[in-house]
Structure formats: structure tokens, C-alpha cells
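# Tertiary structure, described
Here is what each chain is made of, one letter per residue.
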Amino acid sequence: MNYVFKGNLRGFYCGDCYDFLYNAKVRIYSATNNEQLTHMKNAKEKETFHQRSEEELQGLSNRLIAETMTDEAGNFTFEFSE
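Presented here is an overview of the structure given in this document.

The rules behind these values
Residues numbered from 1 in each chain as written. Predicted model: local features only at pLDDT ≥ 70, side-chain atom pairs only at ≥ 80, totals over all residues. Heavy atoms only, no water. Pairing = 2+ DSSP bridges. Helix = DSSP H or I, 4+ residues; strand = E, 2+ residues; numbered from the N terminus. Phe/Tyr/Trp six-rings, centres within 6.5 Å; stacked < 30°, edge-to-face > 60°. Buried < 20%, exposed > 50% of the residue type's maximum accessible area, 1.4 Å probe, protein only. Lys NZ or Arg CZ within 6 Å of the ring centre and 35° of its normal. Core = buried A, V, L, I, M, F, W, Y, C linked by side-chain atoms within 4.5 Å. Contact = heavy atoms within 4.5 Å.

## Comments concerning the pairing of strand β2 (residues 10-14)
Bridge count between β2 and strand β3 (residues 17-20): four bridges; the pairing is antiparallel. Bridged to R10 within β3 is F20. What sits between β2 and β3 in their antiparallel hairpin is a turn of two residues, with G15 showing a positive phi close to 50 degrees.

Here it is in C-alpha cells:
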């Protein structure tokens, strides 16, 4: 069975005003433990997203599952197989 994960990235800067985030690199990483998953599940949206520092990215490199780029409309797609 194949799985597809699709998304769209936009930057909102005032009410309904936004720009598509194009040519942005999107990466999926595996979680480290169940505590982290529980925290993310119960957290507010603003607490689940942040820009990573270079040190954080280096620490995540061994947990990278997949990466892709957004298109001109901010769309991205990941396809996974079992």
C-alpha cells in the first residue's frame, strides 16, 4: 500500500494577505520518542513550528525520512510505500 502526504505552504502577513512559499525545502523527520509525540499532539499550532538552527539540523540528519521542494504555488507531495 502506498501513502501520500500533500501540503501547501503560505506566508500570511495580514488577515487574508499571503504569499506562496515557493522553492522551499520541506523535510520529514522521525520522532525521537513517545514523549515528544505526546507533546506535539497536545501542543498549540504555534508551539509545533519553528525555524531550526544549524546545530539542530545537524542533530536531525540521521532521522531524515524524506525531503522535497515546494512548487510555485507552495504545494508539496511526499509518497511513501510500506
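## Overview of the packing of aromatic side chains
For the coordinates displayed, the defined rule picks out six aromatic pairs. Relative to F80, the ring of F78 has its centre 6.1 Å away and its plane inclined at 15 degrees; by these criteria the two rings are stacked. Relative accessible area serves as the criterion here: at 4%, F78 is assigned to the buried category. Judged by its relative accessible area of 26%, F80 is partly exposed. What links up through ring pairs into an aromatic cluster is the set F5, F76, F78 and F80. Over the aromatic face of Y18 sits the side chain of R10, whose NZ or CZ is 4.6 Å from the ring centroid.

## What to know about the nonpolar core
V26, I28, A66, F76 and F78 form the largest nonpolar core, which has five residues in total. Only β4 (25-29) and β6 (75-81) provide two or more residues apiece to this core. If we ignore the near neighbours within four places in the chain, the residues touching V26 are L9, A66, E67, T68, T70, F76 and F78.

Just geometry here; none of it tells us what the structure is for.
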